[in-house]
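Structure at a glance
These are the residues of each chain, in order.
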Amino acid sequence: MGGRLTRVFRTFNVESRARREISKEKPTPAPRHPTSRLDELADRPEIQEEIYRKDDRLLTLLKDVYVESRDPPVRVKDGGGEHLPCKQKEKRLTKLGHLGDLDVKKVPKGKISIVEALTLLNNHKLHPQTWTAEKIAVEYSLELKEVNSLLEFFIPFTVQEFPKETRKAIKPT
């Protein structure tokens, strides 16, 4: 309903309102700034002649100018060999997991992959007498204190299944 009402007022007496607007006296434009008259001055021949004329006095002064520039001595920055190729770290082959192509093949010495970490934590949990911290350190090329802290602070998850008779049955209502 609102759209129809606004359309009626918008189209009411359109022609007379248009004639009234057209017949109004146009506003006079604002005066131009003097810099906008430069293109008029460029058309005048005496100004063009002044622009292209050579001034002998200025040319002799320019010939007397002698500029001597010297670059400062080049200093070699010693960045400590940051752009030099660094020594390649020794890498060892990993004990491959069950993912095949997705597994990491080579790991730097002193580090282990996630699959290896889970494997060694699980082995230590299941057989702590065989998989001691010293054996793990030798097997995976790790430091003994890192292995000790790894075994102390990281514990793999355990899956516990509860027997069926201890579950509470939901009684239908």
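Above this text you will find the structure in question.
This paragraph deals with the overall build of the chain. Counting secondary structure elements, the chain contains eight helices and two strands. The buried share of the chain, taken over its 173 residues, is 12%. When contacts within the chain are restricted to residue pairs at least 6 apart in sequence, long-range pairs at least 24 apart make up 34% of them. Accessible surface, the chain: about 17,300 Å² in total, of which carbon and sulfur atoms supply 59%.

Turning to the packing of aromatic side chains, a few remarks are in order. In this structure the tally under the stated criterion is zero aromatic pairs. We note Lys-135 situated over the ring of Trp-131; from NZ or CZ to the ring centre the distance is 4.4 Å.

We now examine the pattern of salt bridges. Going through the model one piece at a time under the given rule, you end up with three salt bridges. Salt-bridge contacts for Lys-24 lead to Glu-21; the nearest nitrogen and oxygen are separated by 3.6 Å. A salt bridge links Arg-70 to Glu-68; the shortest N-O distance between them is 2.5 Å. For Arg-70, a relative accessible area of 71% corresponds to the exposed category.

To continue, consider the nonpolar core. Counting residues in hydrophobic clusters, the biggest one holds 11 residues: Leu-120, Leu-121, Trp-131, Ala-133, Ile-136, Ala-137, Tyr-140, Leu-142, Val-147, Leu-150 and Leu-151. The set of elements that each furnish at least two residues to this core consists of α6 (114–126), α7 (133–139) and α8 (144–153).

Our next topic: α6. Taking 1.5 Å per residue, 13 residues should reach 18 Å; α6 reaches 18 Å between its end C-alpha atoms and fits that length. What α6 keeps buried is the set Glu-116, Ala-117, Leu-120, Leu-121 and Asn-123. Viewed end-on, α6 has its buried residues packed into an arc of 160°, placing them on one side of the element. Of the exposed residues in α6, those oriented more than 90 degrees away from the buried face are Ile-114, Leu-118 and Leu-126.

With that out of the way, let us pick up the environment of Asn-122. Along the chain, Asn-122 turns up in helix α6. The class for Asn-122 is partly exposed, based on a relative accessible area of 33%.

So, about unusual backbone geometry. The backbone phi angle of Asn-13 is positive, close to 55°, even though this residue is not glycine. As for its position among the elements, Asn-13 is in the loop between α1 (2–11) and α2 (14–23). Judged by its relative accessible area of 40%, Asn-13 falls in the partly exposed class. With a phi close to 55°, Ser-141 is a non-glycine residue in the positive phi region. Locating Ser-141 in the fold gives a position in the loop between α7 and α8. Overall, the relative accessible area of 29% leaves Ser-141 in the partly exposed class.

Cut-offs applied
- Residues numbered from 1 in each chain as written.
- Predicted model: local features only at pLDDT ≥ 70, side-chain atom pairs only at ≥ 80, totals over all residues.
- Heavy atoms only, no water.
- Helix = DSSP H or I, 4+ residues; strand = E, 2+ residues; numbered from the N terminus.
- Buried < 20%, exposed > 50% of the residue type's maximum accessible area, 1.4 Å probe, protein only.
- Contact = heavy atoms within 4.5 Å.
- Areas by Shrake-Rupley, 256 points an atom, 1.4 Å probe, with all protein chains shown as cover.
- Phe/Tyr/Trp six-rings, centres within 6.5 Å; stacked < 30°, edge-to-face > 60°.
- Lys NZ or Arg CZ within 6 Å of the ring centre and 35° of its normal.
- Salt bridge = Lys/Arg side-chain N within 4 Å of Asp/Glu carboxyl O.
- Core = buried A, V, L, I, M, F, W, Y, C linked by side-chain atoms within 4.5 Å.
- Expected span 1.5 Å × (residues − 1).
- Arc of directions from axis to C-beta.

Keep in mind these numbers describe shape, not what the thing actually does.
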